[in-house]
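# Fold and geometry: a report
Letter by letter, the chains look like this.
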Amino acid sequence: SQPATEQAAAPAAEQKDVYRVAYIARAQADSFAAWMANAVIEEAAKYDNIKLEVFDGQASDDTENSLIENAITNKYDVIIVQPNNGEAQRPYVERAVAAGIKVITTNARISGIPGSSSVDADPYVQAKVNADLAVSQIPQNANVVVLMGPPGNFHADARRESWQKEFFEKRPDVKIVGEEIANWNKDEAMNYMETWVQANDKIDAIIAMNDNMAAGAIEVVKDNPNYKGILSYGVDGTAEATLLIQQGLMTSTSLQSAYDLATALLDTANKLVTGVEKEINMDINSPIITKDNVEQYIEMHKRAGAIK
Amino acid sequence: MNALNKSKLWANLKSKYSIYMVLLALFLVSWLANENFVSGENLKNISTQISVGTILAFGQTILIISGMLDLSSASVLALAGVLSVSAYKMTGSLVIAFLVAILVGVLCNVLNGLMVTKFKAPPFIATLAMMTMARGAALMYTNGQNIYQIGDYVVFGQGRILGLPAPIIFMIGLLVLTWYLLKHTVFGRSVYAIGGNEEAANASGINVNKVKMRAFIINGIFVGIAGVLFMSRINGGMPNGAIGYEFKALTAAVIGGTSFTGGIGTASGTLAGAFIVGFLDNIMVLIGVNSYLQQIVRGAIIALAVIYDIWAKTKKTKLKLGNVESK
Amino acid sequence: MNALNKSKLWANLKSKYSIYMVLLALFLVSWLANENFVSGENLKNISTQISVGTILAFGQTILIISGMLDLSSASVLALAGVLSVSAYKMTGSLVIAFLVAILVGVLCNVLNGLMVTKFKAPPFIATLAMMTMARGAALMYTNGQNIYQIGDYVVFGQGRILGLPAPIIFMIGLLVLTWYLLKHTVFGRSVYAIGGNEEAANASGINVNKVKMRAFIINGIFVGIAGVLFMSRINGGMPNGAIGYEFKALTAAVIGGTSFTGGIGTASGTLAGAFIVGFLDNIMVLIGVNSYLQQIVRGAIIALAVIYDIWAKTKKTKLKLGNVESK
Amino acid sequence: MNLDIKLRVSNVEKFFPGVKALDKINFAVRKGTVHVICGENGAGKSTLMKVINGIYKQDAGQILIDEKVVDIKNPIEARSLGISMIFQELNYMPEMTIEESLFVGNWPKDRYGKVDWKEIRKRTLQLLEKENLNYAPETKIKDLTVSDIQMLEILKAISYNSDIIIMDEPTSAITQKEVEVLFKKINELTKRGTCVIYISHKMDEIFRIADEITVFRDGCVVDSRPKEDYDMETVITQMVGRKVESIFQKEDIEIGEQVLQVYGLTDAAKFKNINFQVCKGEIVGFAGLMGAGRTEVMRALFGLDEYQAGEVLIKGKKVNIRNVRDSIDQKIVMLSEDRRRFGIIPVRSVRENVSLSSLKKFIYKGRLHAEIENQTVADLCKKMNVKTPSYETSIEALSGGNQQKVILSKWMVTDPDILILDEPTRGIDVGAKHEIYKLMTMLTKQGKAVIMVSSELPELIMMCDRIYVMAKGEITGMLKRDEFTQEKIMAYATAIRAQ
Ligand SMILES: Nc1ncnc2c1ncn2[C@@H]1O[C@H](COP(=O)(O)OP(=O)(O)OP(=O)(O)O)[C@@H](O)[C@H]1O
Ligand SMILES: Nc1ncnc2c1ncn2[C@@H]1O[C@H](COP(=O)(O)OP(=O)(O)OP(=O)(O)O)[C@@H](O)[C@H]1O
Ligand SMILES: [Mg+2]
Ligand SMILES: [Mg+2]
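Just so we're clear, the structure is a prediction, and the values are computed from it rather than from any experiment.

## Here we look at the interface of chain C and chain B
Each partner contributes to the interface: chain C provides 52 residues, whereas chain B provides 52 residues. Summing both sides of the interface, chain C and chain B together bury roughly 4,800 Å²; the carbon and sulfur share of this comes to 76%. For the pair chain C and chain B, the interface holds zero residue pairs in polar contact (both at pLDDT 80 or more). Every element with two or more residues in the side of chain C that touches chain B is listed here: helix H6 (123-142), helix H10 (198-203), helix H12 (245-255) and helix H14 (291-314) of chain C.

## What about the relation of the copies chain C and chain B?
With an RMSD of 0.1 Å, the fit of chain C onto chain B corresponds to turning through 180 degrees and sliding 0.1 Å along the axis. The symmetry that links the two subunits is that of a two-fold axis. Closest approach to the rotation axis among the C-alpha atoms of chain C is made by Thr261 of chain C, whose C-alpha sits 4.6 Å away. Comparing contact sets, 98% of the residues at the interface of chain C also lie at the interface in chain B, consistent with an isologous, same-surface contact.

## Details of the site of ligand 2
All names here are of chain D. Contacts to ligand 2 come from 13 residues, most closely from Ser147, Gly293, Arg294, Thr295 and Glu337. At a separation of 3.1 Å, an oxygen atom of ligand 2 approaches a polar backbone atom of Ala292. Contact with the protein chains covers 78% of the free accessible surface of ligand 2, which is 640 Å². Here the shell around ligand 2 gets three residues from one element, more than from any other, and that element is helix H9 (residues 294-301). Partitioning the shell around ligand 2 into residue classes produces three nonpolar, six polar and four charged.

## Quick notes on the packing of aromatic side chains
Taken as a whole, this structure holds 41 aromatic pairs over all chains when the rule is applied. Between Phe27 of chain B and Phe279 of chain B the ring centres are 5.6 Å apart and the planes differ by 50 degrees, which places this aromatic pair in the tilted class. With a gap of 252 residues between them, Phe27 of chain B in helix H2 (residues 18-33) and Phe279 of chain B in helix H13 (residues 267-286) connect regions that are remote in the sequence. The exposure class assigned to Phe279 of chain B is buried, which follows from its relative accessible area of 7%. Where Phe37 of chain C meets Phe279 of chain C, the ring centres are 5.2 Å apart and the plane angle is 75 degrees; that geometry is what we call edge-to-face. Taken as a pair, Phe37 of chain C in the loop between helix H2 (18-33) and helix H3 (40-65) and Phe279 of chain C in helix H13 (residues 267-286) lie far apart in primary sequence, 242 residues in all. Across the pair, exposure class does not vary: Phe37 of chain C and Phe279 of chain C are buried alike. Its end group placed over the ring of Trp117 of chain D, Lys183 of chain B keeps NZ or CZ at 5.7 Å from the ring centre.

## A look at the sheet that holds strand S12 (residues 271-279) of chain D
Residues and elements named next belong to chain D. Sheet architecture is open: four strands sit in the order S12-S11-S14-S15, paired in antiparallel fashion. Each edge of the open sheet carries a strand with a single partner, namely S12 and strand S15 (317-319). Strand after strand, the sheet turns through a mean of 20 degrees between neighbouring axes, direction not considered. Judged from the five bridges that link them, strand S11 (residues 258-267) and strand S14 (residues 309-314) form a sheet pairing that is antiparallel. Residue pairing across strands places Tyr263 opposite Glu311, the latter belonging to S14. Contacting S11, S12 and S14, H9 crosses the sheet at an angle of about 70 degrees to S12.

## Structural notes on the sheet that holds strand S20 (residues 449-453) of chain D
Residues and elements named next belong to chain D. Pairing is mixed in the open sheet, where six strands are placed in the order S16-S19-S20-S13-S21-S22. The strands lining the two open edges of the sheet, one partner per strand, are strand S16 (332-335) and strand S22 (474-480). Across the sheet, the mean angle from the axis of one strand to that of its neighbour is 20 degrees, orientation sign disregarded. Both strand S13 (residues 283-288) and strand S21 (residues 466-471) contribute to a ladder of five bridges, which runs parallel. Bridge assignment links Ala287 to a residue of S21, and that residue is Val469.

## Quick notes on the confidence of the model for chain D
In the predicted model, chain D carries a mean pLDDT of 88, and the fraction of residues at 70 or more is 98%. The ipTM, which scores confidence in the relative placement of chains, is 0.85 for this predicted complex, and the corresponding pTM is 0.87.

## Things to note about the coordination of the magnesium ion (ligand 3)
Residues and elements named next belong to chain D. Summarising the metal site, the magnesium ion (ligand 3) is bound by the protein donors Ser46 (OG) and Gln88 (OE1), whose distances to it range over 1.8 to 2.0 Å. Residue Ser46 is found in helix H1 (residues 45-52), and its partner Gln88 is found in the loop between strand S6 (83-86) and helix H3 (98-103); the two are separated by 42 residues along the sequence. Gln88 shares its class with Ser46; the two are buried.

## Section: the interface of chain C and chain A
Each partner contributes to the interface: chain C provides 28 residues, whereas chain A provides 29 residues. Buried surface at the junction of chain C and chain A, both sides included, amounts to about 2,500 Å², of which 45% is carbon and sulfur. Viewed at the interface, chain A and chain C are joined by one salt bridge. For Glu194 of chain A, the salt bridge is made with Arg233 of chain C, and the minimal N-O distance between the two is 2.9 Å. Where chain C meets chain A, there are 14 residue pairs in polar contact (both at pLDDT 80 or more). With four residues, H3 of chain C is the single largest residue contributor to the side of chain C that touches chain A. Residues that form the side of chain C that touches chain A fall into these classes: ten nonpolar, 16 polar and two charged.

## Topic: the site of ligand 1
Residue and element names in this part refer to chain D. Inspection of the region around ligand 1 gives 20 residues, with Asn41, Ser46, Thr47, Gln88 and Ala397 positioned closest. Contact distances for ligand 1 include 2.7 Å between an oxygen atom and a side-chain N or O atom of Asn41. Between ligand 1 and the protein, one listed contact pairs an oxygen atom with a side-chain N or O atom of His201 at 2.8 Å. In isolation ligand 1 exposes 630 Å². Once the protein is present, 87% of that is buried. Those elements giving two or more residues to the shell around ligand 1 turn out to be strand S2 (19-30), H1 and helix H14 (400-413). Take the shell around ligand 1: its biggest share by element is three residues, from H1.

Cut-offs and rules
- Residues numbered from 1 in each chain as written.
- Chains lettered and ligands numbered in written order.
- Predicted model: local features only at pLDDT ≥ 70, side-chain atom pairs only at ≥ 80, totals over all residues.
- Heavy atoms only, no water.
- Contact = heavy atoms within 4.5 Å.
- Buried area = accessible area lost by both parts, 1.4 Å probe.
- Polar contact = N/O pair within 3.5 Å; in protein donor to acceptor, adjacent residues only side chain to side chain.
- Helix = DSSP H or I, 4+ residues; strand = E, 2+ residues; numbered from the N terminus.
- Least-squares fit on C-alpha atoms with pLDDT ≥ 70 in both.
- Near = heavy atom within 4 Å.
- Areas by Shrake-Rupley, 256 points an atom, 1.4 Å probe, with all protein chains shown as cover.
- Nonpolar A, V, L, I, M, F, W, Y, C, P; charged D, E, K, R; others polar.
- Phe/Tyr/Trp six-rings, centres within 6.5 Å; stacked < 30°, edge-to-face > 60°.
- Buried < 20%, exposed > 50% of the residue type's maximum accessible area, 1.4 Å probe, protein only.
- Lys NZ or Arg CZ within 6 Å of the ring centre and 35° of its normal.
- Pairing = 2+ DSSP bridges.
- Axes fitted to C-alpha atoms, helices over the stretch in contact; angles between N-to-C directions.
- pLDDT = per-residue confidence, 0-100.
- Donors = N, O, S within 2.8 Å, 3.2 Å for Na, K, Ca; no water.
- Salt bridge = Lys/Arg side-chain N within 4 Å of Asp/Glu carboxyl O.

See below:
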């Protein structure tokens, strides 16, 4: 991150001492979104010229849209939108842009709105890095189960599509013996896995659209000798997932680092308000986490206090 | 004597209009707390934001007064909404799209009504079943995918009528309709009678099943309209949309003085209830309350508003026993 | 005559035990549909999966019989659960962790009880407010983050007692407790009386407020235990866990024959209701029903089960008027 | 074919689970007559009326109007066939205003189909004025007393201008004065050719207004004849199936020391400065017109309502009764006048209703003991002659009179010293009435004290040792047994206390 003083000299259309930034979170009750909001707050504290306020979209399109409306009404300098559902927020973001407000969309970006910026990790890529690994790891004629996020959710759908294109189409021998919507939830994933274990003699891999659900499925089979060596894939790089990978219970996940997103977001916001740039679209990396490199991510979580 | 009259008037105001007093108090406090609150733009925003939930709440009000309720309204909203959006994309006709939504809303509620009247299922269970079924149908129809690029369909929710956002106009229109139905029609009075005492209503020659069925059908129309507004406002056909709105609607109705014991409630009370929640959510966002804390405060204020309302209404009759409303 | 007796017995069975017949029918159909269904392991799984919801449902049963309900149970579960997990991480004592959960459950429910008894708030609103507040508190305490590495805490939910998963044992224990309370104690009798006619119960010398308060406290204990089991089973403290479980619990109770008009319901009926939903969900996953279709089927079967139950119970009294249960 | 016959009931049968409520009922009602139906509690009178009014469907048989078979599916059809009914059990909508409740299901509409509130107000005022009643039309029903509500029900049924009006125990909740009003109305109605089916347990009433009498017993018609062919003894014998004295003979019981003393009991809105005493072995009556405040005083005494001032002494000791439990502990119990609201737990069994107030008595080794409970309930119900298919039957399936006996049984289990009986014989058949009188006598013999609130003066005069008379919330007089006359009581009841 860059201290504000370095940027102070840059020319700007409308110079202010303090810029007001509204960060509209998808849902503070969603653990990733909460992590991200916390990271953004921490990061914003490093900028003297930015006053950040966080709003909670409560996982509802209507609420999220309302918050954007409110932010326009209250004339924020920057609105950062973490959409609940990109298309649902699109007209409201367009309205904000039209009102002359700098808008950054993030996790996931709403693309194709001229004048708006975006910072994101690409959900397709997040799943792809795991799928690429799975193509070579999952044995011939394997039975796999798939745990999906909430229907209609952008990340849920994009990750599933990525698995389809990058894995299932390349491995027609693999059979899906169970596929259910577990709504990102660990307990729902557990229940499905318990039932699948009854219905199938053999399951070779768990393909989950996030770490929470992967962890739920692993919970069911971790002490079962028949399922020793079962492969499992997630997305997010949560603290729990890194620990599971370290213990050899989970195969891989890809990191969607809230810290990286936060750093990029504030940097972008700062550049926009100070007039350094007019429009920025960038992606952070989605590094894959496996047993080989898990220690460094555990370190990261330790620093953040998520792992003691 | 003048003083006495005044104090009586005040007591009467307090007991009869207590929930409006709560609303007023909240309005004034919010005004003091943040200067942006009373801006025309902000008040317009709040009204638009509560409109979908409030329209559902009008339907709930009618049902609750007659001793029933609808847990399926948000799911049926989603089903009606996605089918309507899809009809629009197929035909390009806003009229057809609108009618499809109402048709779906009504059909689902006819089913609710049949379960309740013909098969004597408790409304809680009948509409709970419908809640699951309608959501499943919406997801199945769309295969879980959102429908985008809905073009002019957005006029319903984002357009303006007489300079006001369309949803506000719909909300006002349905407020007046609900008020008129409840107050001035035989149907409305029958609704109160049935909720007050179903057996007595039957014995008084009211066709209980017919009235209940009609209550569901009207609810269905409201749900259909809400579906159009919702999808249009969020700019897409989202089968997973409006989750939890049935609770918003029930909350608005009950804060507004509609009682689950039946026979009590008004459309204007429900509107006041919806605005109480709307103001509260808005002012907390405006003054930047931590979002978890917001939930705690919201819960507390809802409880306090209702407790104050009940206290203001009952303190005159000091029966020791919990009055029936507490049930 | 023997034949007559038999047919009478059958009619009696049908009317009194109709919901168990539904359960049995569902069991047999599932058996035929998939051979894995009746395996001991699978039945154990189903029982474990429904245990948390069923424990909540026992609390709801007591409350609904007395004419109330608890919308806050899932949120209080989450609050009790995360505080309990956190207490365990601080002290390392399972006993303390368990007690913390119960304490939190009871405290929240004392608040519910106070709102209902002292301030005459309708239970729907009081517990709706608590639902929001408790969830907000759980999120605020954890700052929205899950708590991991809970070590031995998992024994509650994943351990075994007498060869059975611990949650099943807890569920059976609380079933027996609920049954005993309702059937064999003054408290239980009072619960039925209050739900049947609150004013008459009061005029018969029952301390209505005290009984309601106790009903909430017992519910609080159940919720606390459910909180421990839930967090332990999912191996983490999740402030956002168990969303929607209050509905699961209400559904189980109502399918099991507990009536919202109050005064009617049993613990065993509730267990049957929970198993009906449990079997249904399980068999649909086993035979691989499309997950959207699952929702539709689930809704339909719930409605049919309840309609059959009501029909079996009332068909002999051919009252023209909707029987009171339908309210 | 008899053109004089308006309504004919032919071979009607009706079954309830475990009961044959009606067994091949046959009788006919002639135009312009009052047809009285009498019979014990549970004889099936109300059930038949509900069949005629379309609430129940008969399992067999036919109803004929003007000798044509009709199929009455619901009360709406009943009304369109010219039938209206006053129900035995008050069944009202508490939140509704008086004016609206008069027009429920029959709201006047204006040209646009809108409910015509002006018309409702106008007609309500007319109706109330005509009957000399001064209620405010916008008063809510829940704020009225039982007798007010009953009076309104009567007005409503009459206002439909029906050809057949069914009155199921219309006078069970109103006082003498209103009874006279009602009888005058009935006379006017029959003169116009309306026929009235009248159900009552009050023998003197029956013989005053009946043209014909039909007697029911156990779901069958025993006999149906013009009044002239009957006398009271015969009717009672036919009803009960054995001989019962029509006049109850009060026994002389020794009156002991005072057990209950009430001084200056006051509650601003309802009553003020109530002073009275009750002794062991004594039956003390409370008379008054409707709304005199008797019930309110008793509720306050029983701990159901608060009061602002006053002292209550039991056996000379000052007591502070805050709720019903305290009352029961002080061995005071009260039978409410509103059985449905304050008496029964409808969905629960007879057994549970009986044991409700004394559950602690059935605790054995920490749990409710089923055997002790069943035994106690069975004994008492037998003693009180409760007619029920079983003790597990839900109380709402019992006839009104039997419900009353169940509630009395409930109070007997608590073994009280002082019984407050608010309209104890309301809706109770002669046989059962006698049983209740006998019970009162037996209780006083055991040294218990009874307070009897009743709107039936003959009953008070027959049973009481002393009578307090109330008017407008105050005690306006007290009479000893040798001073009892209807005239004196009425004089006090209409008087304002001379200060
Ligand atoms: N809804 C019902 N369900 C079951 N049994 C019923 C029901 N209503 C009445 N009964 C039974 O039918 C019989 C006749 O009852 P009904 O109420 O007609 O008597 P009644 O002659 O009006 O008595 P009362 O003088 O006490 O009012 C009784 O045995 C009663 O228990
Ligand atoms: N819940 C209530 N709220 C307000 N006023 C009431 C209420 N109940 C009764 N009253 C009023 O109190 C007064 C006394 O009524 P109460 O029932 O005690 O009369 P009563 O002498 O017992 O006559 P009744 O023969 O009608 O029982 C009446 O004027 C009545 O309208
Ligand atoms: Mg009767
Ligand atoms: Mg009285």
